[in-house]
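# Coordinates in review
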Amino acid sequence: MANPFVGIRIGAVSFVDEGTSALLDLVVDKAGVNALFLATPTWTRRSGGRQLPGYPLPDHGAQDYDPDWLGGNYATIHPEYYQRTAIGPAGRAPEHPGYDLLADVIPEASRRGMQSFAWIDESSQAAQLRRYPNFVSTMEVDIWNKPARRPCFNNPDYRNWHLAIVEDYVTNYQLDGIAWSSERLGPLTMLMQGPARQGLGLVTCFCAYCKKVAEDRHIDWRRAQEGYRKLVAWNATMASGSRLSDGGFVSFWRLVLQYPELISWHTLWTDSQHQLYRDIYGTVKAIRPEVQVGWHMSHNISFSPFFRADQDYSAISHFSDFLNVVTYHNCAGPRFHRWIENVCSALFADATPSDVYPLMAKLLGLKEAAYDQLPSAGFSADYVRRETARAVAGVEGRATIWSGIDIDVPGEVTATRTEDVIEAASGITTAEGPSEEWATCTPESVRDATLAAFAGGADGVVLGRKYSEMRLDTLAGVGMAVKTLG
Ligand SMILES: [Zn+2]
């Protein structure tokens, strides 16, 4: 495959620190990059800011951390697009005032024949969002009928705000695409796969808009809410280490039998997430049909059979031009290790990680190192091939698959704010810093992962999570693979 699609995720700070022209030269030289995923807006360290404080700085860019980083919109906000949302034209990032990431980079990229995407992470958990006018009025409602911790997909002010951002971007910038991310889990998946600390205000959503959707589906919201209150209590019992006389799994299943609304409410939540995807897709296409629209499929899809079932490639392909499937081979080791540990404090609390790991690996089609070795071994390149092939088969030819390649992605994320507590509840992150026992990426492992993606049928790769945490020698592993392919 000559000139394969190679995208890279880059935040505003890297262009400001390293200079646009020099940075583009560098990523072309090291990795054969021909597409840029420009992180805006973003309120999460997954895509914005410099290296995570506490983690080693890479061998380029400013040799300093930015602990006060907040994030936001790094393009120019045109207020006329934000009239149908109470949030209004809020969200300009406080960093780099006067700098417009899209206006700066797109023309320079275009001259070099590179594509430009807006890489949008809704970052629903970020503290900074709560400081925008009326944002808190878009919050979900939890099982106790109080405002919850994340915005609601069915809230018109929240929906219209995100639709306004994409309308603003697609109208005013010569973007080649929109890549959109919503890294959050619905209530049932969350409560099954790990301790959720009394629900953390995350077992949702019982707002008036969601109740209306439920009414259309003939789902009794009172029964759903009653069931979720009991399930949160069950989750807390499992997390505490107490054991129920019939066992944790049987007690869980009995609740599902008594309250089938647990499943219907969870599906309503997931469908609401995907309805926002549909609306973003249609909005972009109505303005400029040639702009590509697609979604970030988060790493949990590799670890959780429950989340995997939520995210049906075949169904999603009907409103996707591309899917950026996260197949981070290296950090998968510590992440899956933690996922197994968490599920053994929830749905599988009757068992131990050494019981559960082989079965989960079988159910998920994973063939990796022994459980205890996972954090230090990471996952193999063959994992990338298998996960890519599954996605390619899943979309049945209706969408392009770009595999996400791990370039020095931290095994887990340092918890400093609410967002990280919530991510911990999702089962893939903790409050810990880097561990010396974790596997690290090498140029060879990255080369092999890249080649494995194409062997699995990928149409391209996207290098993640963000340039500001990548070492240049690791990045060069992609260049090695591209030369082999060419
Ligand atoms: Zn709602």
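Residues numbered from 1 in each chain as written. Predicted model: local features only at pLDDT ≥ 70, side-chain atom pairs only at ≥ 80, totals over all residues. Heavy atoms only, no water.

### Some points on the environment of Glu368
Stated precisely, the cut-off is as follows: Only DSSP runs of H or I covering at least 4 residues are called helices, and only runs of E covering at least 2 are called strands; the numbering of each starts at the N terminus. In this description, contact between two residues means that some pair of their heavy atoms is separated by no more than 4.5 Å. Counted as a polar contact is a pair of N or O atoms within 3.5 Å, where, for protein atoms, one must be capable of donating a hydrogen and the other of accepting one, and residues adjacent in sequence contribute only when both atoms are in side chains.
By secondary structure assignment, the location of Glu368 is in the loop between helix H14 (353–364) and helix H15 (374–377). Counting along the chain gives 14 residues from Glu368 to Asp382, while the straight-line C-alpha distance between them is 9.0 Å. In contact with Glu368, other than residues within four places in its own chain, are Tyr357, Leu374, Gly378, Phe379, Ser380, Tyr383 and Arg386. One polar contact links the side chain of Glu368 to the main-chain amide nitrogen of Ser380, over a distance of 2.7 Å. At a separation of 2.9 Å, a polar atom in the side chain of Glu368 contacts the side chain of Arg386.

### A closer look at the sheet that holds strand S8 (residues 322–326)
For the record, the criterion: Between any two strands, at least two bridges found by DSSP are needed for them to pair. Here an axis means a line fitted to C-alpha atoms, over the contact stretch when the element is a helix, while the angle between two N-to-C directions is reported on a 0 to 180 degree scale.
The strand order around the closed barrel formed by eight strands is S1-S2-S3-S6-S7-S8-S9-S10, and the pairing between neighbours is parallel. Neighbour-to-neighbour, the strand axes of the sheet open up by a mean angle of 25°, direction not taken into account. Sheet strands in contact with helix H9 (residues 261–287) are strand S6 (177–181) and strand S7 (292–297), and its direction is about 155° off that of S7.

### Focus on the confidence of the model for the chain
Going by this rule: pLDDT expresses how confident the predictor is about each individual residue, on a scale running from 0 to 100.
This prediction gives the chain a mean pLDDT of 93; 95% of its residues lie at or above 70. Note that pLDDT drops below 50 for residues 413–431; the model gives that stretch 56 contacts with residues more than four away or on any other chain.

### Let's talk about the coordination of the zinc ion
Under the convention used in this document: The donor set covers N, O and S atoms within 2.8 Å of the metal, switching to 3.2 Å for Na, K and Ca, and it leaves out water, so a site may look short of donors. Square planar and octahedral sites, with four and six donors, are those where opposite donors lie more than 155 degrees apart and all other angles lie between 65 and 115, tetrahedral sites have four donors with every angle between 85 and 135 degrees, and the rest are irregular. The cut-offs for exposure are 20% and 50% of the maximum accessible area for each residue type, with area from a 1.4 Å probe on protein chains only; residues under the lower value are buried, those over the upper are exposed, and the others partly exposed.
Looking at the zinc ion, the protein donor atoms are Cys152 (SG), Cys205 (SG), Cys207 (SG) and Cys210 (SG), and they sit 2.2 to 2.3 Å from it. Relative to the metal, the four donor atoms surrounding the zinc ion lie at angles of 99 to 115°, and the coordination shape comes out tetrahedral. Along the chain, the residues donating to the zinc ion are arranged with the sequence spacing C-x52-C-x1-C-x2-C. With Cys152 in the loop between strand S5 (147–151) and helix H4 (156–172) and Cys210 in helix H6 (residues 208–216), this residue pair connects regions lying 58 residues apart in the sequence. According to the relative accessible area criterion, Cys210 is buried, its value standing at 4%.

### Comments concerning helix H19 (residues 472–485)
Worth spelling out the cut-off: The span one expects for a helix is its residue count, reduced by one, times 1.5 Å.
In this model H19 runs 20 Å from its N-terminal to its C-terminal C-alpha over 14 residues, within 8% of the 20 Å that 1.5 Å per residue would give. Each element contacted by the buried residues of H19 is listed here: strand S1 (5–11), helix H2 (20–31), helix H18 (443–455) and strand S10 (460–464).

### Brief notes about helix H7 (residues 221–240)
In this model, H7 (20 residues) spans 28 Å end to end at C-alpha, consistent with the 28 Å of a helix rising 1.5 Å per residue. Considered for burial, the residues of H7 that qualify are Trp221, Ala224, Gln225, Gly227, Tyr228, Leu231, Val232, Trp234, Asn235 and Met238. Here the buried face of H7 lies against helix H5 (187–193), H6, helix H8 (248–258) and H9. The backbone nitrogen of Arg222 lies 2.9 Å from a side-chain oxygen of the residue at the head of H7, namely Asp220. Directly after H7, the chain includes Gly241, whose backbone phi takes a positive value near 90°.

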